[in-house]
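Summary of structural features
One letter stands for each residue in the lines below.
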Amino acid sequence: MSTIVLATQNPGKVSELRSMLNGSGIEIIGLDDLAQSFPEPAENGSTFIENATIKAKAYAKLTGMLCLADDSGLEIDALGGKPGVISSHFAFDGDAEGEAAGLTRQQRDDLNIDRVLKDLDPVEPRDRTARFVCVMVLSDPDGNILASCEGRFEGRIGVPFDHPHCTPADSVPRGSNGFGYDPIFLVAEDYIYTSAEIEPEHKNKISHRGHAVRSMIELIKELQLD
Ligand code: IMP
């Protein structure tokens, strides 16, 4: 049986992938399942694929195991693809160390949302097209990339309810599921619900991460790793 270490400390992500690979002969473990702790590599790439590759190669080398890493974020067309790789710290221009370090994830998410809505202030509702992107990369301990894939989740950023051009249909934030930018992301193709209003099981079926995980599972099965 082959073992793949998932480059995450999130036990939810580990058990999700583990259950999806159940019976395939591939075992999934997380970094926290290993006795040692490892230094986090600097995610200084300018694209999702660069950052996922940095993480996959670094942890594969450190653990001596096959490693699967992901990177994800939000791309807004009217902002030239921003926030992109700095999605988690957009309000701080990507700086994770300064002011952002003392805040909770929720506080950071709220400030990131405020920043996106402010930057989009002059942009018409229909021109606020955006997508979540998730890239996954599998590396062996020598740094060879065995598989990579991408998932996308299309939508549009809504309009703050106190904006002069806001209509009830596009007013945001709405919903309490999910995290990050979900409360302001109106899901394509009808743009009625935000991704914070849909059930988590439904989001998994249509989300960037759901698409990427399912593609990666097919690629891993084709590799015939055992
Ligand atoms: P990560 O790579 O999964 O940690 O995601 C990086 C950042 O992208 C998060 O901190 C969020 O700001 C944003 N993001 C990624 N996926 C989602 C999502 O499904 N909903 C909302 N925000 C997301």
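Along every chain, residues carry numbers that run from 1 in the direction the sequence is written. The model is predicted, so local features are restricted to residues of pLDDT at least 70 and side-chain atom pairs to those at 80 or more, both for listing and for counting; the totals for chains, interfaces and linings are taken over all residues. Each side-chain value is derived from all of the structure's non-hydrogen atoms; neither hydrogens nor water enter the calculation.

Take the overall build of the protein next. Under the scheme used here, helices are H or I runs from DSSP no shorter than 4 residues and strands are E runs no shorter than 2 residues, and both carry numbers assigned from the N terminus. Secondary structure assignment for the protein yields 5 helices and 8 strands. Going residue by residue from the N terminus, the α and β elements of the protein occur as β-α-β-α-β-α-β-β-β-β-β-α-α. Computed over its C-alpha atoms, the radius of gyration of the protein comes to 18 Å, within 12% of the 17 Å expected for a compact globule of 226 residues. Taken along its principal axes, the extent of the C-alpha atoms in the protein is 60 × 35 × 25 Å. Here a residue-residue contact requires only that any non-hydrogen atoms of the pair lie within 4.5 Å. In the protein, the proportion of contacts linking residues at least 24 apart, taken out of those at least 6 apart, comes to 59%. Surface accessibility follows the Shrake-Rupley procedure with a 1.4 Å probe radius. Residue values consider only the protein chains on display as shielding. For the protein, the accessible surface area stands at approximately 11,600 Å², while carbon and sulfur atoms represent 49% of it. Charged residues are defined narrowly, with Lys and Arg counted positive, Asp and Glu counted negative, and His plus the chain ends left uncounted. Think of each charge as sitting on NZ of Lys, CZ of Arg, CG of Asp or CD of Glu. The average position of the 21 basic charges and that of the 37 acidic charges among the side chains of the protein differ by 1 Å. We compute the radius of gyration from the C-alpha atoms alone; for a globule the expected value is 2.2 Å times N to the 0.38, where N is the number of residues.

The next subject is the site of the ligand. For each residue, the test is whether any non-hydrogen atom lies within 4 Å of the molecule or strand; if one does, the residue is near. Surrounding the ligand, one finds 13 residues, the nearest of these being S72, F179, D182, K203 and H208. The separation between a nitrogen atom of the ligand and a polar side-chain atom of D182 is 2.9 Å. N or O atoms within 3.5 Å of each other form a polar contact, as long as, within protein, one can give a hydrogen and the other can take it, and as long as residues adjacent in sequence are counted only when both atoms are side-chain atoms. At 3.0 Å from a nitrogen atom of the ligand is found a side-chain nitrogen or oxygen belonging to H208. Contact with the protein chains hides 88% of the accessible area of the ligand, taken as 480 Å² for the molecule alone. Under the scheme applied here, ten amino acids are nonpolar (Ala, Val, Leu, Ile, Met, Phe, Trp, Tyr, Cys and Pro), four are charged (Asp, Glu, Lys and Arg), and all others, including Gly, are polar. When the residues that make up the shell around the ligand are grouped by side-chain class, the tally is 3 nonpolar, 6 polar and 4 charged.

Okay, the layout of surface pockets next. One number sums up the size of the largest pocket: a volume of about 1,700 Å³. Elements represented by at least two residues in the lining of the largest pocket include exactly α1 (11-20), α2 (48-63), β3 (66-76), α3 (105-119), α4 (200-206) and α5 (208-223). Per-class residue counts for the lining of the largest pocket are 15 nonpolar, 20 polar and 14 charged. Cavity and pocket criteria rest on a 1 Å grid covering protein atoms alone: a 1.4 Å probe that fits but cannot get out defines a cavity, protein on both sides within 12 Å along at least 5 of 7 lines defines an open pocket, and an atom within 4 Å of a point defines a lining residue. Grid points are joined across faces, edges and corners, and a volume is the space filled by probe spheres set on the points.

Before going further, it helps to spend a moment on the nonpolar core. L74, I76, V116, I157, Y181, I184 and F185 are the most contacted members of the largest nonpolar core, which has 20 residues in total. Taken together, the elements giving at least two residues each to this core come down to β3, α3, β4 (129-139), β5 (145-157) and β8 (185-187). Once residues within four sequence positions are removed from consideration, I157 is found in contact with L74, I76, V116, L117, L120, R128, A130, I184, F185 and L186. Among the nonpolar cores identified, the runner-up in size contains 19 residues, and M136, L138, A147 and A212 belong to it. We call a set of buried Ala, Val, Leu, Ile, Met, Phe, Trp, Tyr and Cys residues a nonpolar core when their side-chain atoms join them within 4.5 Å. Only protein chains enter the calculation, and the probe is 1.4 Å; a residue is then buried if its accessible area is under 20% of its type maximum, exposed if over 50%, and partly exposed in between.

All right, on to the environment of V187 then. Along the polypeptide, V187 turns up in strand β8. By relative accessible area, V187 is classed as buried at 8%. What V187 contacts, discounting residues up to four positions off in sequence, is F153, E154, G155, I192, Y193, T194, S195, I198 and I206.

Bringing the packing of α1 against α5 into the picture now. Whenever a helix is involved, its axis is fitted only over the stretch in contact; in every case the axis is a line through C-alpha atoms, and angles between N-to-C directions fall within 0 to 180 degrees. Direction vectors running N to C along α1 and α5 enclose 45 degrees, while the axes themselves pass 11 Å from each other. Looking at the two axes, α1 sits oblique to α5. Here α1 runs over α5; the crossing is right-handed. Residues K13, E16, L17 and M20 of α1 form the contact with α5, whose participating residues are R209, V213, R214 and I217. Of the residues that constitute the contact of α1 with α5, the class distribution is 4 nonpolar, no polar and 4 charged. Put simply, angles under 35 degrees are roughly parallel, angles over 145 are roughly antiparallel, angles from 65 to 115 are roughly perpendicular, and the rest are oblique. Note: crossing handedness is left-handed where the near helix turns anticlockwise from the far helix by less than a right angle, and right-handed where it turns clockwise.

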